[in-house]
Amino acid sequence: KQWYQRRVRDFDSFEYFKNLVPDTLFFIFYFYEGTRAQYFAAKALKEQHWRFHKKFKMWFQRYEEPKVIEESHETGTYVYFDIDLWQQRTKEDFTFEYKFLEENNLDE
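Computed from a predicted structure; not experimentally measured. (Residues numbered from 1 in each chain as written. Predicted model: local features only at pLDDT ≥ 70, side-chain atom pairs only at ≥ 80, totals over all residues. Heavy atoms only, no water.)

**Student:** What is the right way to read helix α4 (residues 36-47) from this model?
**Tutor:** Helical periodicity: at 3.6 residues per turn, an α-helix aligns residues three or four positions apart in one direction. In this model, α4 (12 residues) spans 17 Å end to end at C-alpha, consistent with the 16 Å of a helix rising 1.5 Å per residue. The set of residues buried in α4 consists of Ala 37, Gln 38, Phe 40, Ala 41, Ala 42, Lys 43, Ala 44 and Leu 45. Residues of α4 that are buried in the fold lie against α2 (14-17), α3 (22-31) and β2 (58-62). The opening residue of α4, the one whose side-chain oxygen lies 3.3 Å from the backbone nitrogen of Ala 37, is Thr 35. Of the residues one or two after α4, His 49 is the one with positive phi, at around 70 degrees. (Helix = DSSP H or I, 4+ residues; strand = E, 2+ residues; numbered from the N terminus. Expected span 1.5 Å × (residues − 1). Buried < 20%, exposed > 50% of the residue type's maximum accessible area, 1.4 Å probe, protein only. Contact = heavy atoms within 4.5 Å. Polar contact = N/O pair within 3.5 Å; in protein donor to acceptor, adjacent residues only side chain to side chain.)

Listed below in structure tokens is the structure:
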């Protein structure tokens, strides 16, 4: 019982989430919708340089520096988490329009 109580308490701490691997954070983000756990997962992913695309409802991360950076978008190679295949994939020559970038500040 004591181990369980400790784990539940840890689950309500950002310190716990920031040490989780991205795949675990994706699971929490997509399956614990509307919870504090989802909030912490999103915050941890952002700290690991993942960006949420509002149109595709997927997380993206730059694979390399963009080839093009404009005021409204950037184009380059990205790693993204494919929620249908449940794996990270690479997309080349992808244009990330900033209007679809989730910009909520997740600081408490």
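**Student:** Explain the environment of Gln 38 here, please?
**Tutor:** Of note, Gln 38 is situated in helix α4. Accessibility expressed as a relative area gives 16% for Gln 38, which makes it buried. For the pair Gln 38 and Phe 26, spaced 12 residues apart in the sequence, the C-alpha separation amounts to 9.0 Å. Once residues lying within four places of it in the same chain are set aside, the contact partners of Gln 38 are Ile 28, Phe 29, Tyr 32 and Glu 33. There is a polar contact of 3.0 Å between the side chain of Gln 38 and the backbone oxygen of Phe 29.

**Student:** Which parts of the structure should I look at to understand the pattern of salt bridges?
**Tutor:** Between side chains of opposite charge, pairing is possible as soon as their charged atoms come close. Throughout the structure, instances matching the rule amount to seven salt bridges. Between Glu 74 and Arg 51 there is a salt bridge, and its shortest N-O distance comes to 2.9 Å. Here the residue Glu 74 occupies a position in strand β4 (residues 73-82), and Arg 51 occupies one in strand β1 (residues 51-53), the gap between them amounting to 23 residues. The two residues Glu 74 and Arg 51 agree in class, both being buried. Residues Arg 62 and Glu 65 are paired through a salt bridge, measuring 3.9 Å at the closest nitrogen-oxygen approach. One network of salt bridges, with partners in common, ties together Arg 51, Arg 62, Glu 65 and Glu 74. (Salt bridge = Lys/Arg side-chain N within 4 Å of Asp/Glu carboxyl O.)

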